[in-house]
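Below, each chain spelled out in residue letters.
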Amino acid sequence: MDFIYLIKIIILSIVEGLTEFLPVSSTGHLIIASNLLKLPDNHFMKLLLIVIQLAAILAVVLLYFHKLWQVFLDLLRGKKAAVNFWLKWILASVPFVILALALNKYIERYLFNNFTVALALIVGGLLLYFGENYQVQNPTVSKIDDITYRQAFLIGCWQCLALFPGFSRSASTIIGGWLVGLRTKLAAEFSFFLAIPLMFGASAYSFYKFHKIQQNLSSLGETLLAEKAVGLPFLHVGREHFAAINSATWQYIYLFIACVVSFIVALIVVKAFLKYLAKNSLKHMALYRITVGIILVLFWLANLR
């Protein structure tokens, strides 16, 4: 086990747990932290980033388990309120899923860098700062069950801004919630619910890709051994591939530790965030986003010289 590498992963997991549900962009902070910690940009790290986000989402599942379980049971009984809840949940998720499937390859290739994250932090911060003024004083929606299909779909459309690394899924859905008539706490809670199917889907897809890569490495390793046994030239990449195969077990251990850390930190943060929203403005977080974004832009400009 590489303890320095493990410490870096734990730091990354803490960053995820702290930022996943705050409107400051967990993805943006993870990209920044990964660069500062000089972590490799490989398939395992991409899987890790998704999985620790899933672990953070599980904190929400635990906190809202009674609500989710009751809605599920009511759905099985065919109760109208439960059916409406699930349909709104699906409707709000559809825009994000469609765009993510269509653009994921290009987003990973062109947008996962400090400069684009900085721009998204600034733009999202400005929208968060001024968007809060558009909250209705006497909202007609007081709980999630009262959200209309139109409101759910529009919030889902706003959520698509989160595809831009650094914007924040939480911020985009909260802003969308404000604009369709929700108060901050309700918009945040709906944002939590929307995150559950999306992160489960993203994690499942990442696990599938990672498993396929491990299978390919294993097959290549067997081929290399066979070639060496019969005297065929041993490929130059053999040592690297065997190292990757042998480290697979440790990678899964790293994933488990990272998930536990992310889950615990997120559980603490969600409870604190909901209490914070009951009495405080999000303008401070908006200013934080803008400040971090400007600092990143300045560093990026300095590095161009």
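Predicted, not measured: the structure shown is a model, and the values here were computed from it. (Residues numbered from 1 in each chain as written. Predicted model: local features only at pLDDT ≥ 70, side-chain atom pairs only at ≥ 80, totals over all residues. Heavy atoms only, no water.)

1. Some details on the pattern of salt bridges
Link 1 in the chain: If you walk through the whole model with that rule in mind, you get four salt bridges.
Link 2 in the chain: Lys 67 serves as the salt-bridge partner of Asp 145, at 3.2 Å between the closest nitrogen and oxygen. You can see Asp 145 sitting in the loop between α6 (114-131) and α7 (149-159) and its partner Lys 67 sitting in helix α4 (residues 65-76), a full 78 residues away along the chain.
Link 3 in the chain: Residue class for Lys 67 comes out partly exposed when judged on its relative accessible area of 27%.
Link 4 in the chain: A salt bridge links Lys 143 to Asp 146; the shortest N-O distance between them is 3.3 Å.
Link 5 in the chain: Assessed through its relative accessible area of 45%, Lys 143 is described here as partly exposed.
Link 6 in the chain: Residues joined by salt bridges that share partners form a network here, namely Asp 74, Arg 77 and Lys 79. (Salt bridge = Lys/Arg side-chain N within 4 Å of Asp/Glu carboxyl O. Helix = DSSP H or I, 4+ residues; strand = E, 2+ residues; numbered from the N terminus. Buried < 20%, exposed > 50% of the residue type's maximum accessible area, 1.4 Å probe, protein only.)

2. Details of unusual backbone geometry
Link 1 in the chain: Positive phi is not limited to glycine here, since Ser 25 has a value of about 80 degrees.
Link 2 in the chain: Here Ser 25 shows up in the loop between α1 (3-19) and α2 (26-36).
Link 3 in the chain: Taking the relative accessible area as the measure of exposure, Ser 25 reaches 1% and is therefore buried.

3. Remarks on the nonpolar core
Link 1 in the chain: Membership of the largest hydrophobic core comes to 48 residues, with the highest contact counts inside it found for Phe 21, Phe 190, Phe 192, Phe 193, Phe 273 and Leu 282.
Link 2 in the chain: Only α3 (43-63), α4, α5 (80-110), α7, α8 (169-180), α9 (184-229), α11 (248-279) and α12 (283-304) provide two or more residues apiece to this core.
Link 3 in the chain: With 10 residues, the single largest contributor to this core is α9.
Link 4 in the chain: Beyond its immediate stretch of four places on either side in the chain, Phe 192 contacts Phe 21, Val 60, Tyr 64, Val 270, Phe 273 and Leu 274. (Core = buried A, V, L, I, M, F, W, Y, C linked by side-chain atoms within 4.5 Å. Contact = heavy atoms within 4.5 Å.)

4. Points about a nonpolar patch on the surface
Link 1 in the chain: Taken together, the side chains of Leu 87, Ile 90, Val 94, Ile 98 and Tyr 149 define a hydrophobic patch exposed on the protein surface, amounting to about 430 Å² of accessible area.
Link 2 in the chain: Here the nonpolar patch gets four residues from one element, more than from any other, and that element is α5.
Link 3 in the chain: Take Ile 90: it is sitting in helix α5. (Patch = residues over 30% accessible without salt bridge, like charges linked within 9 Å, V, L, I, M, F, W, Y side chains within 5 Å. Areas by Shrake-Rupley, 256 points an atom, 1.4 Å probe, with all protein chains shown as cover.)

5. Details of the packing of α6 against α8
Link 1 in the chain: One can describe the packing of α6 onto α8 by two numbers: an axis separation of 10 Å at closest approach and a directional angle of 30 degrees. Between α6 and α8, the angle falls in the class roughly parallel. For α6 against α8, the interelement crossing comes out left-handed. Residues Gly 124, Leu 127, Leu 128 and Gly 131 of α6 form the contact with α8, whose own contacting residues are Ala 171, Ile 175 and Trp 178. (Axes fitted to C-alpha atoms, helices over the stretch in contact; angles between N-to-C directions. Parallel < 35°, antiparallel > 145°, perpendicular 65-115°, else oblique. Left-handed = near helix turned anticlockwise from the far one by under 90°.)

6. Some thoughts on the packing of aromatic side chains
Link 1 in the chain: A full pass over the atoms with the stated rule returns 11 aromatic pairs.
Link 2 in the chain: When the ring of Phe 85 is compared with that of Phe 193, the centres are 5.8 Å apart and the planes differ by 90 degrees; the resulting orientation is edge-to-face. With Phe 85 in helix α5 and Phe 193 in helix α9, this pair connects stretches of sequence that are 108 residues apart.
Link 3 in the chain: Of the residues examined, Phe 85 reaches a relative accessible area of 7% and is grouped as buried.
Link 4 in the chain: Three or more aromatic residues link up through ring pairs in this structure, and these residues are Tyr 64, Phe 85, Trp 86, Trp 89 and Phe 193.
Link 5 in the chain: Its guanidinium or amino end placed over the ring of Tyr 129, Lys 283 lies 4.2 Å from that ring's centre, counting from NZ or CZ.
Link 6 in the chain: When the ring centre of Phe 167 is taken as reference, the NZ or CZ atom of Arg 289 above it lies at 5.8 Å. (Phe/Tyr/Trp six-rings, centres within 6.5 Å; stacked < 30°, edge-to-face > 60°. Lys NZ or Arg CZ within 6 Å of the ring centre and 35° of its normal.)

7. Side note on α7
Link 1 in the chain: Every buried residue belonging to α7 is among Gln 151, Ala 152, Ile 155, Gly 156 and Gln 159, and all of these are buried. Down the axis of α7, the buried set is contained in an arc of 135 degrees. They therefore lie on one face. (Arc of directions from axis to C-beta.)

8. Describing the environment of Gly 28
Link 1 in the chain: Tracing the backbone shows Gly 28 in helix α2.
Link 2 in the chain: Counting along the chain gives 92 residues from Gly 28 to Ala 120, while the straight-line C-alpha distance between them is 8.5 Å.
Link 3 in the chain: Apart from the residues within four sequence positions on either side, Gly 28 is in contact with Val 117 and Gly 166.

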